[in-house]
Amino acid sequence: MKTTHKVILRTAIISSILMTSQVHAAGERDPLLTYFLMDKLEISNQTDNPVSWDATTWIGKDWHKLYLKSEGESVNGKTESENQLLYSHPIEKFWDVQMGLGYDTTPEKNQTWGVIGLQGLAPYFFETNAVVLANDKNFGFRLDTEYEALFTQKLILTPSLKLNAYAADDKSMGLGSGLSSTELALRLRYEFSRKFAPYIGVKLNQTYGATADYVKAEGGKESVTSIVAGLRFWF
Amino acid sequence: MKMDGMNHSGHDQSAGMKMDGMKTPNYTHALTMEKMAMGQDVSGVDHSKHSHDMSSMKVDLDSIEIPMDMNPTLPQISVPKKEGPQIDMRATGAKYRLDDPGVGLRNNGRKVLTYADLRNLYPTRHEPQPTKELVLHLTGNMERYMWSIDGITFDEAPPLQFNFGERIRITFINDTMMNHPMHLHGVWSELETGDENHIPRKHTVIVQPGAKISYRVTMNARGDWAYHCHMLYHMMGMFRRVQIR
C-alpha cells in the first residue's frame, strides 16, 4: 500500500510540474484541433466471431491535448474494455507524456487506475505507447508498439506487439501477476484513401501464469491464433 | 577547405584556392543534399556559387565575384532562441545551394533555372556593404506539424527592430526538410549570388531544406512590416514583425 501511495504522489507531483511549466499559446496560430482514429475495428474467426476495437481520439492544441483511448473485445454481448482519459503534453521531439485515468471493464467488474505514460515515435519509427497504471490494489504496465512497412504508398504491413504485466493477481478482472498477456499481430491494409483502409491480419494472443489459469477456468485457451478482417479509418 | 569532388565554383579561383576535379553538381538523389546537411558536415565545400566550369570564367573586372563566405564577419544581431519539442532536427552542415533546382526538379533532362541564374541588369557594385548580420534558423517539427523561427512562434516573438537606412545581411538556415519561401514586405531582398556586380532584387527568397541563403536588405521604408514564410500552413509560426524606425 505504501508504495502505491508513493507512486500516486509521484504521479501527482510530476503532473503538476509539467502542467505549470507551460507557456500558453494563444491566437490563430494554434487552432483547436480534433482527431479521431479507429485504428482497429475487426472481426476474428474465433467461435462466435468476437469483434474488437482500438480507437484514439484527441482534442487540443500544439502543447496541450486531451486524449480518450479505448480498446476492447465484444463476444456474445459480453464486453471487456480498457479505456483511458489522458492529458497529453510534448516533452521531447517525438514523445508526449500522458497522464490521467484508466477505466477497465469486464462483464463482472470495473476498475479504475491512475495512469502515467509515454506516447511517441521510438527510433526506427516504432509507434510506441508505454503506460504505468496504479490503484489501491494493483500496479500494471502496458506496452504497445507497432511499425508500418510501406510496400507501396497504399499497401502497408503493420507488425505490432502488445504486452501487459501486473504486480498482483486480480481474479475478478482476470489479471494475473507478472507478465500477463501478449499479442503479436500482423495486419496488411490497403489505403483507398489516407482516411479509409480495410485490412486483413493474423494475431497471436498468449496469456501467462495466473492469467492463463483464469482464462482456462472460463473454458478458454492460453494461446489463440486468429485471422482477422477489419477497417481502419480516421477523421 | 576540403574538396571532395563536389561542386566547386569559379569564385574560389579568384580567392586564390587551388582545386582539382572541378565538376558541376550532381544532385542525383532527391534528398541527398538535405541528408548531408542534416548529418555531419561531410565536406567543407561551398555550394554557394554558380555551377559553371572554368571554361566559362571571363576575365572581366565586372564579373569578378567575391565568394559569399569571404565576406568579412559582420557584427551579429542577437535574437532570442528557444529549444524544445517544437524542433525535430538541425541542419548542422547547411550549405549555400543556389544552383540546386530543388527536390523533384533535379536531373529531369531540362534546363531548370535556379537562383544562380539570376543576374541584375544594372550594375550593383557601388551598393553599400551591409554593416550587421541577422542569422535566423527556420525550425519545425514535421511529426507534430509545428513551425517556428529559432524555435519561437510569432505570438511569442518580439519584433525585429532596425534603424532607418541601415543595410543588413540576413542569413537563413533551414533546419527543416521543407522549402520555406521567406517574404519580407516593404523593402528589397537583394540576393547574394556571388556576383557582387549584378545582385538581383527579390520580394521572396526560397530557403531550401537543409540549406542556407544570404541576402542584403537596406531598411529604407519606415513602418511595421510582415516577414513570413509564404506557405500558408507554416505562416503563423514562421512569422515576424519587422520594425524600421
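Residues numbered from 1 in each chain as written. Chains lettered and ligands numbered in written order. Predicted model: local features only at pLDDT ≥ 70, side-chain atom pairs only at ≥ 80, totals over all residues. Heavy atoms only, no water.

(A) Structural context of the overall build of chain A. For chain A, the helix and strand inventory stands at 2 helices and 13 strands. Of the contacts made within chain A by residues no fewer than 6 positions apart, 45% connect residues no fewer than 24 positions apart. (Helix = DSSP H or I, 4+ residues; strand = E, 2+ residues; numbered from the N terminus. Contact = heavy atoms within 4.5 Å.)

(B) Spotlight on the pairing of strand 3 (residues 146-149) of chain B. Residues and elements named next belong to chain B. A two-sided burial pattern is seen for strand 3, the buried positions comprising M146 and S148 on one face and W147 and I149 on the other. Note that strand 2 (residues 132-141) and strand 3 share 4 bridges and pair antiparallel. Of the residues in strand 3, the one forming a bridge with T139 is S148. Hairpin connection of strand 2 to strand 3: 4 residues between the antiparallel strands, including Y145 at a positive phi of 55°. (Buried < 20%, exposed > 50% of the residue type's maximum accessible area, 1.4 Å probe, protein only. Pairing = 2+ DSSP bridges.)

(C) Structural context of the confidence of the model for chain A. Across chain A, pLDDT averages 90, with 88% of residues at or above 70. The element-level mean pLDDT for chain A is lowest in helix 1 (residues 2-20) of chain A, coming to 48, with strand 10 (residues 155-166) of chain A highest at 98. (pLDDT = per-residue confidence, 0-100.)

(D) Up close: the pattern of salt bridges. Evaluation of the coordinates by the stated rule reveals 32 salt bridges over all chains. Notably, a salt bridge pairs A:E191 with A:R194, separated by 3.4 Å at the nearest N-O pair. Residue class for A:E191 comes out buried when judged on its relative accessible area of 4%. Relative accessible area serves as the criterion here: at 59%, A:R194 is assigned to the exposed category. One network of salt bridges, with partners in common, ties together B:E133, B:R169, B:E192, B:E196 and B:R216. (Salt bridge = Lys/Arg side-chain N within 4 Å of Asp/Glu carboxyl O.)

(E) Representation of the nonpolar core. One finds B:I170, B:F172, B:M182, B:Y215 and B:Y227 to be the most contacted residues of the largest nonpolar core, which totals 30 residues. The contact partners of B:Y215, leaving out residues within four places of it in the chain, are B:I168, B:R169, B:I170, B:F172, B:M182, B:S189, B:E190, B:L191, B:E192, B:V205 and B:Y227. Membership of the second largest hydrophobic core comes to 10 residues, among which are A:W58, A:Y67, A:V115 and A:Y166. (Core = buried A, V, L, I, M, F, W, Y, C linked by side-chain atoms within 4.5 Å.)

(F) The packing of aromatic side chains, seen in detail. Summed over the entire model, instances satisfying the criterion amount to 12 aromatic pairs over all chains. Geometrically, the ring pair formed by A:Y190 and A:F192 is edge-to-face, given 4.9 Å between the ring centres and 75° between the ring planes. With relative accessibility at 35%, the residue A:Y190 sits in the partly exposed group. Among the residues examined, A:F192 registers a relative accessible area of 54% and is labelled exposed. A centroid spacing of 5.8 Å and a plane angle of 65° characterise the contact between B:F172 and B:Y227, whose relative ring orientation is edge-to-face. Of this pair, B:F172 sits in strand 5 (residues 167-174) while B:Y227 is found in strand 11 (residues 223-229), placing the two residues 55 residues apart along the sequence. The exposure class assigned to B:F172 is buried, which follows from its relative accessible area of 0%. Above the plane of the ring of A:W58 lies A:K65, whose end atom (NZ or CZ) is 4.7 Å from the centre. (Phe/Tyr/Trp six-rings, centres within 6.5 Å; stacked < 30°, edge-to-face > 60°. Lys NZ or Arg CZ within 6 Å of the ring centre and 35° of its normal.)

(G) Seen up close, helix 2 (residues 209-217) of chain A. Along helix 2 of chain A, the residues classified as buried are A:A210, A:T211, A:A212 and A:Y214. Buried-residue contacts for helix 2 of chain A involve strand 11 (178-190) and strand 12 (196-207) of chain A.

(H) Quick look at empty space enclosed by the protein. Residues and elements named next belong to chain A. Inspection of every chain in the model, using the stated rule, returns 1 cavity of 30 Å³ or more. Approximately 100 Å³ is the volume found for the largest cavity. Around the largest cavity sit D39, K40, E146, E148, T158, S160, R187, R189, Y199 and R232, which together line it. Of all the secondary structure elements, the ones that give two or more residues to the lining of the largest cavity are strand 1 (33-44), strand 10 and strand 11. Of the residues assigned to the lining of the largest cavity, the class counts are 1 nonpolar, 2 polar and 7 charged. (1 Å grid on protein atoms, 1.4 Å probe; cavity = no way out; pocket = protein on both sides within 12 Å on 5 of 7 lines; lining within 4 Å. Points joined across faces, edges and corners; volume = space filled by probe spheres on them. Nonpolar A, V, L, I, M, F, W, Y, C, P; charged D, E, K, R; others polar.)

(I) Summary view of the interface of chain A and chain B. Every contact between the two is made by 14 residues of chain A and, on the other side, 15 residues of chain B. A combined buried area of about 1,100 Å² lies between chain A and chain B, and 57% of that area is made up of carbon and sulfur atoms. When the area that chain A buries against chain B is broken down by residue, the three leading residues are A:R29, A:W63 and A:K93, summing to 49%. B:R144 is paired through a salt bridge with A:D96; the nearest N and O atoms lie 2.6 Å apart. The tally of links between chain A and chain B comes to 5 residue pairs in polar contact (both at pLDDT 80 or more). Secondary-structure elements contributing two or more residues to the side of chain A that touches chain B are strand 4 (78-92) and strand 5 (95-105) of chain A. For the side of chain A that touches chain B, the residue count by class is 9 nonpolar, no polar and 5 charged. (Buried area = accessible area lost by both parts, 1.4 Å probe. Polar contact = N/O pair within 3.5 Å; in protein donor to acceptor, adjacent residues only side chain to side chain.)

(J) Inspection of the sheet that holds strand 6 (residues 180-184) of chain B at higher detail. Residues and elements named next belong to chain B. The strand order 4-12-11-6-9 describes an open sheet built from 5 strands, whose pairing is mixed. Among the strands making up the open sheet, the edge pair consists of strand 4 (160-162) and strand 9 (204-207). For this sheet, the mean inter-axis angle between neighbouring strands, taken without regard to orientation, is 20°. As judged from the 3 bridges shared by strand 6 and strand 11, these two strands associate in the antiparallel manner. When the sheet's bridge partners are listed, L184 is paired in strand 11 with Y227. (Axes fitted to C-alpha atoms, helices over the stretch in contact; angles between N-to-C directions.)

(K) Geometry of the environment of B:H180. Residues and elements named next belong to chain B. Examined against the element boundaries, H180 turns out to sit in strand 6. Measuring from C-alpha to C-alpha, the distance between H180 and R90 comes to 15 Å, with 90 residues separating the pair along the chain. Non-local contacts of H180, meaning those with residues more than four positions away in its chain, are made with L138, W147, N174, V205, I206, V207, C229, H234 and M238.

(L) Here's a closer look at unusual backbone geometry. Residue and element names in this part refer to chain A. One non-glycine residue, Y124, lies in positive phi territory at about 70°. Mapped onto the secondary structure, Y124 falls in the loop between strand 6 (110-122) and strand 7 (126-134). Phi is positive for F125, which is not a glycine, with a value near 65°. Structurally, the position occupied by F125 is in the loop between strand 6 and strand 7.

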